[in-house]
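Architecture at a glance
Below, each chain spelled out in residue letters.
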Amino acid sequence: WGILFSHPRDFTPVCTTELGRAAKLAPEFSKRNVKMIALSIDSVQDHLSWCKDINAYNGEEPAEKLPFPIIADQNRELA
């Protein structure tokens, strides 16, 4: 199984809280062999900054990494 999170833009409040909750639940999804991935139209550099924001929202160290990748789709070829 897999979950694809598709977001219109980095740093939006709803998207940040959704991915934050998904990051917290990642171990439970992993136990069930569910892979998670996100998609947003912003750049990789923006995604790295957003990951810091998401981790800080979760009360964790603001690291540039989540337990799942975020696809950069700046040209909106995938979206």
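Refer to the structure above for everything that follows.
This report concerns the structure included in the present document. No experiment lies behind these values; they were computed from the predicted model shown.

1. Considerations on the pattern of salt bridges
Taken as a whole and assessed by the stated rule, the structure comprises five salt bridges. The partner of Glu-60 in a salt bridge is Lys-24, and the shortest N-O contact between them spans 3.5 Å. Pair noted here: Glu-60 is in the loop between helix 2 (44-57) and strand 3 (70-72) and Lys-24 is in helix 1 (residues 13-31), with a separation of 36 residues, a long-range link. Notably, a salt bridge pairs Glu-64 with Lys-52, separated by 3.7 Å at the nearest N-O pair. Taken together, the residues Glu-64 in the loop between helix 2 and strand 3 and Lys-52 in helix 2 connect sequence positions twelve residues apart. Taking the relative accessible area as the measure of exposure, Lys-52 reaches 36% and is therefore partly exposed.

2. Digging into the packing of helix 1 against helix 2
Put simply, helix 1 and helix 2 touch, their axes get as near as 9 Å, and they point 70° apart. Regarding the angle of helix 1 to helix 2, the classification is roughly perpendicular. Pair helix 1 / helix 2 crosses with right-handed handedness. Counted together, Cys-15, Thr-16, Thr-17, Leu-19 and Gly-20 of helix 1 and Trp-50, Asp-53, Ile-54 and Tyr-57 of helix 2 form the full contact between these two elements.

3. Comments concerning the side chain of His-7
Tracing the backbone through its elements, the reader meets His-7 in strand 1 (residues 2-7). Reaching out from His-7, the side chain makes a polar contact with the side chain of Glu-18 at a distance of 3.0 Å. Those residues within four positions of His-7 in sequence are excluded, and the remaining contacts are Cys-15, Glu-18, Leu-19, Leu-39, Ser-40, Ile-41 and Trp-50.

4. Regarding the side chain of Asp-42
By secondary structure assignment, the location of Asp-42 is in the loop between strand 2 (35-40) and helix 2. Within polar-contact distance, the side chain of Asp-42 engages the side chain of Arg-9 at 3.1 Å. Once residues within four sequence positions are removed from consideration, Asp-42 is found in contact with Arg-9, Asp-10, His-47, Ala-72, Asp-73 and Gln-74.

5. Comments concerning the sheet that holds strand 1
As summarised here, the arrangement of the three strands in space is 1-2-3, forming an open sheet in which the pairing is parallel. Each edge of the open sheet carries a strand with a single partner, namely strand 1 and strand 3. Here the strands of the sheet are splayed against their neighbours by 25° on average, with no regard to which way each runs. Relative to strand 3, strand 2 runs parallel, the two sharing three bridges. Directly across from Leu-39, in strand 3, lies its bridge partner Ile-71. Across the sheet, helix 1 lies against strand 1, strand 2 and strand 3, angled at about 165° from strand 1, the strand it touches most.

Rules used throughout
- Residues numbered from 1 in each chain as written.
- Predicted model: local features only at pLDDT ≥ 70, side-chain atom pairs only at ≥ 80, totals over all residues.
- Heavy atoms only, no water.
- Salt bridge = Lys/Arg side-chain N within 4 Å of Asp/Glu carboxyl O.
- Helix = DSSP H or I, 4+ residues; strand = E, 2+ residues; numbered from the N terminus.
- Buried < 20%, exposed > 50% of the residue type's maximum accessible area, 1.4 Å probe, protein only.
- Axes fitted to C-alpha atoms, helices over the stretch in contact; angles between N-to-C directions.
- Parallel < 35°, antiparallel > 145°, perpendicular 65-115°, else oblique.
- Left-handed = near helix turned anticlockwise from the far one by under 90°.
- Contact = heavy atoms within 4.5 Å.
- Polar contact = N/O pair within 3.5 Å; in protein donor to acceptor, adjacent residues only side chain to side chain.
- Pairing = 2+ DSSP bridges.

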